[in-house]
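# Residue-level structure breakdown
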Amino acid sequence: MKLVAIGDNCVDYYPATDKSFPGGNAVNVAVYYRRMGGEAAYIGAVGNDKFGKMMLERLSDKGVDVSRVHVEDGKTAVTYIDLVNGDRVFGDYIEGVMEDFRLNESDFAYIKDFELCFGAIWGHVDADMQRVKEKGLVTAFDYSDQLNDPMIASSCPYVDYAFFSEDEKDDEWIKDYMRDIHQRGTKVVIVTRGSNGSMAYDGEQFYHQGIVSCPVVDTIGAGDSYIAGFLYGIGTGKSVPEAMAMGANNSAVTIQYDGAW
């Protein structure tokens, strides 16, 4: 399936090392999906600054179609990050021109040629999931760790694959939560759980997937890699358990180097 990822991008800036890496939820999923071998495009907004230029160049280098990226007067989004024992610690987030990003009619005309659409909670696309779904695309959405966000109720009926992150609650709490989300209209609910792996629920059965052990350098992009691997599996006809395994393996690749990609 051809994937279009819509929403947030940002430059991940590490003050301690003065290094900058392009990233962002939707951007990362597009890049990782392409890495798996799939076709991918990204729609979002960047500023007409050096970081915006870097974002477009790096995405193009990775084989991601950026023809519908909105280039606006202003600053590209930036996230400040520190590393503590290999784990990322987020600091300030400056949203820049992404704050006003919305899909336009030309974007919707472009989207109809794709088969799979990914959106995320920070990408200003939740209100458009119904329209995307009505165009016949398979839809996926990452709600991150915002398990009580109001947009869940409004967008879940139009999301085929809903992703969440929760590594503190016990299994039974998570299963009850997944049942509730599924009843809202989502086809499959997936929860990533850090070192505890992941769980998925399709309305009939719960599936479990462990992590793939590997040296950890930087955990940024781990969740997005999992999502991309999972979606590539679904897009190539794999079962839910097989897609979960592909997600775990793709995540293990990413956490062995600095930066998202």
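Since the structure is predicted, the reported quantities are computational estimates derived from the model, not experimental observations.

A few words now on the overall build of the protein chain. Scanning the protein chain for helices and strands turns up eight helices and 14 strands. Relative to the 2.2 N^0.38 estimate, which gives 18 Å for 261 residues, the radius of gyration of the protein chain is 17 Å and therefore close to what a compact globule would have. In terms of overall dimensions, the protein chain has a C-alpha envelope of 50 × 45 × 35 Å along the principal axes. The burial tally for the protein chain puts 53% of its 261 residues in the buried class. Excluding contacts between residues fewer than 6 apart, the proportion of contacts in the protein chain whose partners are at least 24 apart in sequence is 63%. Carbon and sulfur atoms provide 46% of the accessible area of the protein chain, an area that totals close to 11400 Å². Between the mean site of the 23 positive side-chain charges and the mean site of the 41 negative ones, the protein chain shows a separation of 5 Å.

What follows deals with the environment of Ala 45. As for its placement among the helices and strands, Ala 45 is situated in strand S5 (residues 45–47). For Ala 45, a relative accessible area of 2% corresponds to the buried category. Setting aside anything within four residues of it in sequence, one finds Ala 45 in contact with Asn 9, His 70, Val 97, Met 98 and Phe 101.

With that settled, consider the pattern of salt bridges. The tally for this structure, following the rule as stated, stands at seven salt bridges. With a shortest N-O distance of 2.9 Å, Asp 107 and Arg 68 are connected by a salt bridge. Taken together, the residues span a long stretch of sequence, with Asp 107 in helix H3 (residues 105–111) and Arg 68 in the loop between helix H2 (50–61) and strand S6 (70–72) at a distance of 39 residues. A residue is classified by how much of its surface remains accessible, and Asp 107, at 0% relative accessible area, is buried. With a shortest N-O distance of 2.7 Å, Asp 171 and Arg 193 are connected by a salt bridge. Here the residue Asp 171 occupies a position in helix H6 (residues 171–183), and Arg 193 occupies one in the loop between strand S12 (188–192) and strand S13 (198–201), the gap between them amounting to 22 residues. Residue Arg 193 is classed as buried on the basis of its relative accessible area of 7%.

Let's shift gears to the sheet that holds strand S11 (residues 161–165). The strand order across the open sheet formed by eight strands is S4-S1-S9-S10-S11-S12-S13-S14, and the pairing between neighbours is mixed. Lying at the two open borders of the sheet, with one neighbouring strand each, are strand S4 (40–43) and strand S14 (206–209). The mean angle between the axes of side-by-side strands here comes to 20°, regardless of whether they run parallel or antiparallel. Pairing geometry for strand S9 (residues 116–120) and strand S10 (residues 138–142), over five bridges, is parallel. The residue of S10 that forms the bridge with Cys 117 is Thr 139. Relative to the sheet, H6 contacts S11, S12, S13 and S14, its axis offset from that of S13 by approximately 40°.

On S13, burial covers both faces: Ser 198 and Ala 200 on one face and Met 199 and Tyr 201 on the other are all buried. Of the strand pairs in this sheet, S12 and S13 are connected by four bridges, and their pairing is antiparallel. Its bridge partner being in S13, Thr 192 is matched across the sheet by Ser 198. Taking the residues between adjacent antiparallel strands as the criterion, S12 and S13 are bridged by five residues, where Gly 194 takes a positive phi near 60°. Sheet analysis places S13 next to S14, joined by four bridges and oriented antiparallel. Across the sheet, the residue bridging to Tyr 201 is Phe 206, located in S14.

Let us now look at the layout of surface pockets. One number sums up the size of the largest pocket: a volume of about 1600 Å³. By residue class, the composition of the lining of the largest pocket is 18 nonpolar, 19 polar and eleven charged.

Rules used in this analysis
Residues numbered from 1 in each chain as written. Predicted model: local features only at pLDDT ≥ 70, side-chain atom pairs only at ≥ 80, totals over all residues. Heavy atoms only, no water. Helix = DSSP H or I, 4+ residues; strand = E, 2+ residues; numbered from the N terminus. Rg over C-alpha atoms; globule rule 2.2 N^0.38 Å. Buried < 20%, exposed > 50% of the residue type's maximum accessible area, 1.4 Å probe, protein only. Contact = heavy atoms within 4.5 Å. Areas by Shrake-Rupley, 256 points an atom, 1.4 Å probe, with all protein chains shown as cover. Lys, Arg positive; Asp, Glu negative; His and termini not counted. Charge placed at Lys NZ, Arg CZ, Asp CG, Glu CD. Salt bridge = Lys/Arg side-chain N within 4 Å of Asp/Glu carboxyl O. Pairing = 2+ DSSP bridges. Axes fitted to C-alpha atoms, helices over the stretch in contact; angles between N-to-C directions. 1 Å grid on protein atoms, 1.4 Å probe; cavity = no way out; pocket = protein on both sides within 12 Å on 5 of 7 lines; lining within 4 Å. Points joined across faces, edges and corners; volume = space filled by probe spheres on them. Nonpolar A, V, L, I, M, F, W, Y, C, P; charged D, E, K, R; others polar.

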